[in-house]
Amino acid sequence: MDDDEVTLPADTLAILQQFLVEKAQREQEEMEKIEKKAGKDAEFEEDWQLSQFWYSQSTKETLGAVVTQLVGDSKEFSIALLSCPSLYGTIKEIHENVKIFEYDKRFSAYGDDFVFYDFNEADSEHYLKDLWHQFDLIIADPPFLSEECITKISKIIANLLKPQHNKIIFCSGEVVEPWLTKSLPGVKKCNFQPQHERNLGNEFVSYANFNLDDYVKT
């Protein structure tokens with residue numbers, strides 16, 4: 001044996017190997033945290049062809065404050081964001097259990113939180129059935145101000161919501177009110193008016209199946 005070669009006792013080798021395994025696990029966990037945060041904080045440009053318009057900072061903060069009150073101390077509370085990706089980062093900071101439903105596959109950067117969906121498939125039998133009756137709160141901002149879009153997204157929302165004690169926040173144009181209230185009984189227009197980074201030509205309002213305005217801090 002080479003005089004410079006050092007042989008460690010078996011128990012010491014076992015301790016060293018365990019240390020290296022744990023070190024590798026810690027490094028992997030830290031890398032996953034970094035990647036997750038990078039995904040959450042990723043900045044995406046609006047795609048106008050998909051009718052994407054990002055919320056203003058004040059609107060994100062207001063809706064974030066509402067969610068904070070609704071979630072309370074519950075770790076089981078589940079949230080779905082339908083077609084409102086600019087809200088994801090704010091909500092994710094508040095609560096871990098959130099899914100983002102999007103047609104735009106760029107948002108698959110959010111990993112397991114991303115769910116691809118197409119409102120045009122709403123009438124397909126058992127569409128998204130694996131996620132039916134899973135969510136306590138749904139915040140939706142449909143891409144188009146048409147009766148077809150509102151009706152189909154409403155059907156998806158009804159399937160995704162838990163049967164009892166559920167909450168809906170629906171942000172859209174004032175013009176959709178008759179279609180929305182017909183499709184989701186119990187949803188009413190609120191005083192809170194979401195704002196966007198870019199001024200939109202349509203009057204934009206909020207709807208909810210609870211008294212949203214009581215949760216909005218003015």
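Just above sits the structure.
Cut-offs used in this document
Residues numbered from 1 in each chain as written. Predicted model: local features only at pLDDT ≥ 70, side-chain atom pairs only at ≥ 80, totals over all residues. Heavy atoms only, no water. Helix = DSSP H or I, 4+ residues; strand = E, 2+ residues; numbered from the N terminus. Buried < 20%, exposed > 50% of the residue type's maximum accessible area, 1.4 Å probe, protein only. Contact = heavy atoms within 4.5 Å. Areas by Shrake-Rupley, 256 points an atom, 1.4 Å probe, with all protein chains shown as cover. Phe/Tyr/Trp six-rings, centres within 6.5 Å; stacked < 30°, edge-to-face > 60°. Expected span 1.5 Å × (residues − 1). Patch = residues over 30% accessible without salt bridge, like charges linked within 9 Å, V, L, I, M, F, W, Y side chains within 5 Å. Salt bridge = Lys/Arg side-chain N within 4 Å of Asp/Glu carboxyl O.

A.B. asks: Would you mind showing me how to read the overall build of the protein here?
C.D. replies: A tally of helices and strands in the protein yields five helices and seven strands. Reading the protein from its N end, one meets helices and strands in the order α-α-β-α-β-β-β-α-β-α-β-β. In the protein, which comprises 218 residues, the share counted as buried stands at 42%. In the protein, once contacts between residues fewer than 6 apart in sequence are set aside, the share between residues at least 24 apart is 62%. Of the accessible surface of the protein, which amounts to about 12900 Å², a share of 49% is contributed by carbon and sulfur atoms.

A.B. asks: Got a minute to help me understand the packing of aromatic side chains in this structure?
C.D. replies: Aromatic ring pairs are described here by two measures, namely the spacing of the ring centres and the angle between the planes. This model, assessed by the stated rule, comprises seven aromatic pairs. Measuring from ring centre to ring centre gives 5.9 Å for phenylalanine 107 and tyrosine 110, while their planes differ by 35°; the resulting arrangement is tilted. Residue classification places phenylalanine 107 among the buried positions, given a relative accessible area of 1%. Note on tyrosine 110: relative accessible area 9%, which makes it buried.

A.B. asks: Help me understand helix H2 (residues 57–71) in this model?
C.D. replies: With 15 residues, H2 extends 21 Å between its outermost C-alpha atoms, agreeing within 8% with the 21 Å of an ideal straight helix rising 1.5 Å per residue. Of all the positions in H2, only Thr59, Lys60, Thr62, Leu63, Gly64, Val66, Val67, Leu70 and Val71 are classed as buried. Those residues of H2 that are buried lie in contact with strand E1 (79–82), helix H3 (88–94), strand E4 (137–140) and strand E5 (167–173). Count one or two residues on from H2 and you reach glycine 72, which has phi positive near 60°.

A.B. asks: I would appreciate a short explanation of the environment of alanine 158 in the present structure.
C.D. replies: Here alanine 158 is to be found in helix H4 (residues 147–160). Alanine 158 sits in the partly exposed class, given a relative accessible area of 42%. The sequence separation of alanine 158 and serine 183 amounts to 25 residues, and the corresponding C-alpha distance is 9.1 Å.

A.B. asks: Would you mind going over the environment of aspartate 112 with me for this structure?
C.D. replies: Summarising the element assignment, aspartate 112 is placed in the loop between strand E2 (98–102) and strand E3 (114–116). Residue aspartate 112 is classed as exposed on the basis of its relative accessible area, which comes to 69%. In sequence terms aspartate 112 and lysine 99 are 13 residues apart; their C-alpha atoms lie 8.0 Å from each other.

A.B. asks: Explain a nonpolar patch on the surface here, please?
C.D. replies: Side chains of Leu13, Leu16, Phe19 and Leu20 sit close together on the surface and give an oily, nonpolar patch of about 350 Å² of accessible area. Within the secondary structure, leucine 13 sits in helix H1 (residues 10–40). Since its relative accessible area comes to 35%, leucine 13 is described here as partly exposed.

So, to be careful, I would describe these as geometric facts and stop short of saying anything about function.
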